[in-house]
Amino acid sequence: MRKYGWLCAVLFAGAIAGCGSSNGGGGGGGTEDSATPTDAADSATPTDTARTDSATPTDTARPDSAADAGASRAGAACTMPDPMGGMDPACGDELVCVNSQSTPFCTQTCENNASQAMERAQCGGTGSTCLTQGDAPNDNSLCTAACRTAGTTAATGACRAGFVCTGWWFTHAGGTPDSTGCFGFCSADSQCATGERCNTRTGDCGATGVDMTRLPDGSPCNPMMTVTVPGSTTPQNVQCRGICFRTDDDRTHGICGSLLNIRASTMCADDPDAVVPRAPQGTDNLGICIFRNCTTNSDCRSPHICRFPQDGTDIITDADPLCDYPTAQQRTGIVGDGGAPTDASTPTDASTPTDAPRTDAATDASTGTDGGSAG
């Protein structure tokens, strides 16, 4: 796991933990593109293949059977959502109906607990869990249906359509997922309310889908470049087809990335040979398509260079090189036919710009997610 210690450190929990707060669900909606990173020391192993069935299950399955006495209604579909939580017959007496990134579901706020029994007690009983994004004191917890990442049907612990089985791995220190629950995440328009479109890069249902005129995953972006889009009062970064993730202490350094339910698809949408989904194999179905694999600087978009991941100042040479910003330890990246990074003080000029705009391009119409209110 030390090999991938860099991954969580450059993925910003706030970019997702803020998703959907405008939807009243505490987690489905817009993107905080300039959020601060987690302090994770270790991270999950990236995967570019279909999930295995060896995932460690939670101790409960989804409560979809009426015959399951004492089953919680957490995560069940409802039709009377309210930003503050609406009373709905589908939710019973203990839970309320709120919007998610996809369709409304039954939930309530809860407190993260190491004991699943304690979490079920908060969330209405069998088949529920308290799903937590982020770590204290900035965590965000809601009651959801418990799930199993290897589940293929409701009986085996799969989430219903329009939801992803996740423990929000990259929002937690060490990249260790919380006990998995079903979080609203669409993969198709059919999983949204009538008239809404699914932004398949963020899992949000909204007025529009993916804007393909924007920058593809793996491209450099500037998280500080925001505009106010029609219908929203919150400035948004709109450079990327997905989300502009900030990647280091420089607030102008970002990389375009998209979220992916790897139960629905194991291939990233933009250049799948170079960009592969990353997730902790077997324990979380929410993947991220962000880093471009490379051999030399010519594979990257300027100002990115082809370099090895870093854990602090340690260069991880046993990991595959990726397109990312230069560091003090890797100023010029990998040139020519590849090899170890250099520490030359002269910045590289080997990276050939593409038709994608540079992150410092002067424009107020650059294009990131508008799928909701991290996409």
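From a predicted model like this one, the values you see are computed outputs, not experimental measurements. (Residues numbered from 1 in each chain as written. Predicted model: local features only at pLDDT ≥ 70, side-chain atom pairs only at ≥ 80, totals over all residues. Heavy atoms only, no water.)

A. How the structure looks around the overall build of the protein chain. Of the regular secondary structure elements, the protein chain holds three helices and 16 strands. By element, 51% of the accessible surface of the protein chain is carried by carbon and sulfur atoms, the whole surface being about 15100 Å². (Helix = DSSP H or I, 4+ residues; strand = E, 2+ residues; numbered from the N terminus. Areas by Shrake-Rupley, 256 points an atom, 1.4 Å probe, with all protein chains shown as cover.)

B. Layout of the pattern of salt bridges. The final tally for this structure, using the stated rule, is seven salt bridges. Residue aspartate 217 is joined to arginine 201 by a salt bridge in which the shortest nitrogen-to-oxygen separation is 3.7 Å. With aspartate 217 in the loop between strand E8 (204–206) and strand E9 (220–221) and arginine 201 in the loop between strand E7 (197–199) and E8, this residue pair connects regions lying 16 residues apart in the sequence. Taking the relative accessible area as the measure of exposure, aspartate 217 reaches 2% and is therefore buried. Under the relative-accessibility criterion, arginine 201 is labelled buried at 6%. As a salt-bridge pair, arginine 214 and aspartate 211 come within 3.4 Å of each other at their nearest N and O atoms. Taking the relative accessible area as the measure of exposure, arginine 214 reaches 11% and is therefore buried. When its relative accessible area of 26% is taken as the criterion, aspartate 211 is described as partly exposed. Shared partners join several salt bridges into a network, and the residues in it are Arg201, Asp217, Arg241 and Asp270. (Salt bridge = Lys/Arg side-chain N within 4 Å of Asp/Glu carboxyl O. Buried < 20%, exposed > 50% of the residue type's maximum accessible area, 1.4 Å probe, protein only.)

C. Here's a closer look at helix H3 (residues 116–123). Along H3, the positions that sit buried rather than exposed are Gln116, Glu119, Arg120 and Cys123. Angularly, the buried residues of H3 cover 100° about the axis, an arc narrow enough to put them on a single face. Among the residues of H3, the N-terminal cap falls to serine 115, whose side-chain oxygen and the backbone nitrogen of alanine 117 are separated by 3.3 Å. Once H3 ends, the next one or two residues include glycine 124, with phi positive near 105°. (Arc of directions from axis to C-beta. Polar contact = N/O pair within 3.5 Å; in protein donor to acceptor, adjacent residues only side chain to side chain.)

D. Focus on the packing of aromatic side chains. For the structure shown, the criterion picks out four aromatic pairs. On the numbers, 5.3 Å between centres and 80° between planes, the contact of tryptophan 169 with phenylalanine 170 is edge-to-face. Here tryptophan 169 falls in the buried class, since its relative accessible area comes to 0%. Phenylalanine 170 gets classed as buried once you look at its relative accessible area, which sits at 0%. Here a set of aromatic residues connected by ring pairs shows up, and it is made of Trp168, Trp169, Phe170 and Phe183. (Phe/Tyr/Trp six-rings, centres within 6.5 Å; stacked < 30°, edge-to-face > 60°.)

E. Highlighting the state of the cysteines. As enumerated under the stated definition, the model contains 13 disulfides in all. Between the sulfur atoms of cysteine 159 and its disulfide partner cysteine 182 the distance amounts to 2.1 Å. Between cysteine 159 and cysteine 182, the S-S torsion sits near -95°, and that sign places the bridge as left-handed. Placement of the pair is cysteine 159 in the loop between strand E4 (140–145) and strand E5 (163–166) and cysteine 182 in strand E6 (residues 181–184), with a sequence separation of 23 residues. (Disulfide = S-S within 2.5 Å.)

F. Quick look at the pairing of strand E12 (residues 286–289). With burial as the criterion, each face of E12 is covered, one bearing Leu286 and Ile288 and the other bearing Gly287 and Cys289. With four bridges joining them, strand E11 (residues 254–261) and E12 adopt antiparallel strand pairing. Residue pairing for E12: leucine 260 is matched across the bridge by glycine 287. (Pairing = 2+ DSSP bridges.)

G. Up close: the confidence of the model for the protein chain. The predicted model of the protein chain has a mean per-residue pLDDT of 77, with 71% of residues at 70 or higher. A low-confidence stretch, residues 1–69 stays under pLDDT 50, and its non-local contacts, those more than four residues away or across chains, total 247 contacts. Scored below 50 in pLDDT, residues 338–375 shows 118 contacts in the model against residues more than four places distant or in partner chains. (pLDDT = per-residue confidence, 0-100. Contact = heavy atoms within 4.5 Å.)

H. Seen up close, the pairing of strand E10 (residues 243–246). Neither face of E10 is left uncovered, since the one carrying Ile243 and Phe245 and the one carrying Cys244 and Arg246 both have all their residues buried. By the bridge criterion, four bridges tie E10 to E11 in an arrangement that is antiparallel. Directly across from cysteine 244, in E11, lies its bridge partner cysteine 256.

I. Layout of the environment of threonine 213. Looking at the element boundaries, threonine 213 is found in the loop between E8 and E9. Along the sequence, threonine 213 and arginine 241 sit 28 residues apart, while their C-alpha atoms lie 7.7 Å from each other.

J. Layout of the nonpolar core. The biggest cluster of nonpolar side chains holds 23 residues, and the ones touching the most others in it are Trp168, Phe170, Phe245, Leu259, Leu286, Ile288 and Ile290. The set of elements that each furnish at least two residues to this core consists of E10, E11 and E12. In this structure, Ala76, Cys78, Leu95 and Cys97 belong to the second largest nonpolar core, which totals eleven residues. (Core = buried A, V, L, I, M, F, W, Y, C linked by side-chain atoms within 4.5 Å.)

K. Representation of unusual backbone geometry within the structure. Of the consecutive residues alanine 136 and proline 137, the connecting peptide bond is found in the cis state with omega at 10°. As for its position among the elements, proline 137 is in the loop between strand E3 (128–133) and E4. Cis geometry marks the peptide bond from serine 302 to proline 303; its omega dihedral reads 10°. Turning to its location among the elements, proline 303 is positioned in the loop between E12 and strand E13 (305–307). In this structure, tryptophan 168 is a non-glycine residue whose phi angle is positive, near 50°. Considering the arrangement of structural elements, one finds tryptophan 168 in the loop between E5 and E6.

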